[in-house]
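Working through the structure, step by step
So the chains spell out like this:
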Amino acid sequence: MGASPTNKLRIALFSDSALPIINGVSVSVASLIGELRDQGHSVSLFTSANAGHIDADPNTYRFRAVETPWTRAYPLAYPPFFPMLRKFRQNEFDVIHTHTPFTIGFVGLRWAQSHEIPVVSTYHTLYDRYSHYFPLPRRYIRYKIAKHTSFFYSSVNHVITPSSASARWLRRHSVDTPISIIPTGIPPVTFFNRSELRQAHGIAPQHRVLLYVGRLAPEKNLETLLQATAIAMSHDLNLRLWLVGDGPHRDACLNLVRVLGIGDKVRFVGFVQREDVNQYYALADLFVFSSISETQGLVVQEAMSYGLPAVAVIGGGASAGIENGVNGFIVKNDIHEFSRAMSDVMGDDHLYSDLSVGAKRAVRGFSTAAMAEKVVAVYRQVIGLDTSSERTQAEFVQNRA
């Protein structure tokens, strides 16, 4: 199939996760769809049904899905898939872009192959770090996930990853497909009156808020964050910790906070709609992140766009955008080192001011529009269009990974 006469593309995205589910993948997919459409491209989304959700977008197609004990809040699509195939065939797509190597992503790959359509796939997550969700030996699950992931990304025409950490993982697992590193874009900053916002949320003037945004899940390494925060709070009575998000590890985190004796200083905000998260970045003082399972850590970049320095545990891609002493600090997975970094930032006004300026500077150019332009360049390459002027990032990764 060739591209449309106007050189605007007809794109099919396949993802197991999509709004109203809130996670890094669904947010990235939604941002990409919006920007691609703003550039004049036609985009259709194939994803899992979500109970009670009705789409306003006529170009969203949902497979029948069910929640399982291992995929709570993440409906899993199930066969037969051929009823949706009829709808797929009513369109003439130029390229397919999958955002998962699992059920719906695999459907997208097979339909691309059977219809001779180029397929691009984004490797969003270090999937083997989620083996604890399955009731089988962890080593076996990690092995099977790694084997499947390697097979899947070796079967597509081009892979996009949000960070060099995820690209290295694929190379270590024998994926020799061309890879482009394209970080997920961050949305424009929403301007708030910080003083009014803090007052509305009951934050005393002397209190300084440490902020975590993300799922409350075992792979987020929250025990390290909570224990480090408890140590920092013992030295600074004005520190407060707010956790924005929810998940299966909430009760365990609540219990640990009680055991640590910091229940009066920690707020579990819970699930927040995507459009409302920005106010928490605006009212906070420091962003703290302990996960070592991320490929990018989009929330770190979002927090920096509001001038928040970040302290994050090294590992995965979440810490890749942090420069020690420039916009934050990267620490080992050690509660004392983590605590010390938080205390150093919050205890030195001059250092804090420099880091805040560095944080805003670090995320310039990470717009959703810039992300979409780079993705479209990949699409055009795999389709065989107009790439003579593009020196692709894929060449760089192939030579250096």
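Above this text you will find the structure in question.
An account of the accompanying structure is given in this report. Per chain, the residues get numbers from 1 upward, laid out in the order the sequence is written. Local features in this predicted model are restricted to residues of pLDDT 70 or higher, and side-chain atom pairs are both shown and tallied only at a pLDDT of 80 or more, whereas totals for entire chains, interfaces and linings draw on every residue. With hydrogens and water stripped out, all remaining heavy atoms of the structure feed into the side-chain values.

1. Observations regarding the packing of helix H7 (residues 222–235) against helix H11 (residues 335–346)
In contact at an axis separation of 8 Å, H7 and H11 are set at 55° when each is read in the N-to-C sense. With respect to their mutual orientation, H7 and H11 come out oblique. Where H7 crosses over H11, the handedness of that crossing is right-handed. Along its contact with H7, which presents Thr 224, Leu 225, Gln 227, Ala 228, Thr 229, Ile 231 and Ala 232, the element H11 presents Ile 335, His 336, Phe 338, Ser 339, Met 342 and Ser 343. Across the contact of H7 with H11, the residue classes tally to seven nonpolar, six polar and no charged. To obtain an axis, a line is fitted to C-alpha atoms, over the contacting stretch when the element is a helix, and the angle between two such axes runs from 0 to 180 degrees between their N-to-C directions. Numbered from the N terminus, helices here are DSSP runs of H or I no shorter than four residues, and strands are runs of E no shorter than two. Roughly parallel covers angles under 35 degrees, roughly antiparallel covers those over 145, roughly perpendicular covers 65 to 115, and oblique covers all other angles. Note on convention: the crossing is left-handed when the near helix lies turned anticlockwise from the far helix by less than a right angle, right-handed when the turn is clockwise. Every residue pair with non-hydrogen atoms within 4.5 Å of one another is taken to be in contact. Asp, Glu, Lys and Arg are counted as charged, while Ala, Val, Leu, Ile, Met, Phe, Trp, Tyr, Cys and Pro are counted as nonpolar; the rest, among them Gly, fall into the polar class.

2. Some words on the sheet that holds strand S11 (residues 239–244)
Two strands qualify as a pair provided DSSP detects at least 2 bridges between them. The six strands lie next to each other as S12-S11-S10-S13-S14-S15, forming an open sheet whose pairing is parallel. Strand pairing shows two members of the sheet lacking a second neighbour, strand S12 (266–270) and strand S15 (328–331), which therefore form its edges. Neighbour-to-neighbour, the strand axes of the sheet open up by a mean angle of 20°, direction not taken into account. Both strand S14 (residues 310–313) and S15 contribute to a ladder of four bridges, which runs parallel. When the bridges of S15 are listed, Val 313 appears paired with Val 331.

3. Concerning the environment of Ser 17
When you line up the elements, Ser 17 lands in the loop between strand S1 (10–15) and helix H1 (24–38). Judged by its relative accessible area of 12%, Ser 17 falls in the buried class. As for Ser 17 and Glu 219, which are separated by 202 residues in sequence, their C-alpha atoms are 18 Å apart. Among residues more than four places away in sequence, those in contact with Ser 17 are Asn 23, Val 25, Ser 26, Thr 47 and Tyr 74. Accessible area is worked out with a 1.4 Å probe on protein chains only. A residue is then buried under 20% of its type maximum, exposed over 50%, and partly exposed in between.

4. Quick notes on the nonpolar core
Residue types Ala, Val, Leu, Ile, Met, Phe, Trp, Tyr and Cys, when buried and joined through side-chain atoms within 4.5 Å, form a set referred to as a nonpolar core. The biggest cluster of nonpolar side chains holds 63 residues, and the ones touching the most others in it are Leu 211, Tyr 281, Phe 287, Phe 338 and Met 342. Excluding residues that lie within four positions of it along the chain, Met 342 makes contacts with Leu 210, Ala 228, Thr 229, Ala 232, Leu 286, Val 288 and Val 311. The next biggest cluster of nonpolar side chains, apart from the first, holds 34 residues, and it includes Ala 12, Ile 117, Phe 152 and Val 156.

5. Describing a negative patch on the surface
Each patch is built from residues lacking any salt bridge and having more than 30% relative accessible area; the joining distance is 9 Å for like charges and 5 Å for nonpolar side chains (Val, Leu, Ile, Met, Phe, Trp, Tyr). Under the convention used here, a 1.4 Å probe and the Shrake-Rupley method define accessible areas, while residue burial counts only the protein chains that appear. For this analysis, a salt bridge means a side-chain nitrogen from Lys or Arg found within 4 Å of a carboxyl oxygen belonging to Asp or Glu. Note on charges: Lys and Arg go in the positive column, Asp and Glu in the negative column, and His and the chain ends are not counted at all. To locate a charge, take atom NZ for lysine, CZ for arginine, CG for aspartate or CD for glutamate. Taken together, the side chains of Asp 344, Asp 348, Asp 349 and Asp 354 present a region of like negative charge at the surface. For Asp 354, a relative accessible area of 40% gives the class partly exposed.

6. Details of the packing of aromatic side chains
Stacked, edge-to-face and tilted are the three classes for Phe, Tyr and Trp ring pairs, Trp counted by its six-membered ring, which pair at centre distances within 6.5 Å; planes under 30 degrees apart are stacked, over 60 edge-to-face, the rest tilted. Going through the model one piece at a time under the given rule, you end up with 20 aromatic pairs. Aromatic side chains Tyr 212 and Phe 289 sit 5.8 Å apart centroid to centroid with 20° between the ring planes, which places their arrangement in the stacked category. You can see Tyr 212 sitting in strand S10 (residues 208–213) and its partner Phe 289 sitting in strand S13 (residues 286–289), a full 77 residues away along the chain. Here Tyr 212 and Phe 289 have matching classes, each one buried. Residues Tyr 281 and Tyr 306 carry aromatic rings whose centres are separated by 5.7 Å and whose planes lie at 25° to one another, so their mutual orientation is stacked. Remark: Tyr 306 occurs in the loop between helix H10 (298–305) and S14 and Tyr 281 occurs in helix H9 (residues 278–283); sequence separation between them is 25 residues. Taking the relative accessible area as the measure of exposure, Tyr 281 reaches 0% and is therefore buried.

7. Structural notes on the layout of surface pockets
Estimates place the volume of the second largest pocket at around 300 Å³. Lining the second largest pocket are 16 residues, and of these Arg 194, Ala 282, Tyr 306, Gly 307 and Lys 360 lie nearest its centre. No other element matches helix H12 (residues 349–362), which puts three residues into the lining of the second largest pocket. For the lining of the second largest pocket, the residue count by class is nine nonpolar, four polar and three charged. Two kinds of site are reported from a 1 Å grid over the protein atoms alone, namely cavities, where a 1.4 Å probe fits but cannot get out, and pockets, open sets with protein on both sides within 12 Å along at least five of seven lines, and residues are called lining when an atom falls within 4 Å of a point. Grid points are joined across faces, edges and corners, and a volume is the space filled by probe spheres set on the points.

8. Brief notes about the pairing of S11
The buried count for S11 comes to six of six residues, which makes it a mostly enclosed element. The alternating pattern of S11 places Leu 239, Leu 241 and Leu 243 and Arg 240, Trp 242 and Val 244 on opposite faces, both of which are buried. Bridge count between S10 and S11: six bridges; the pairing is parallel. The residue bridging Val 213 from the neighbouring strand is Val 244, located in S11. As a crossover connection, the stretch from S10 through H7 into S11 is right-handed. Relative to S12, S11 is paired through four bridges, and the arrangement is parallel. From the neighbouring strand, Leu 243 faces S12, where its bridge partner is Phe 268. A crossover counts as right-handed when, viewed with the strands pointing away from the observer, the path leading from the first strand over the helix to the second turns clockwise. Each parallel crossover has a hand, and the one from S11 via helix H8 (residues 250–260) to S12 is right-handed.

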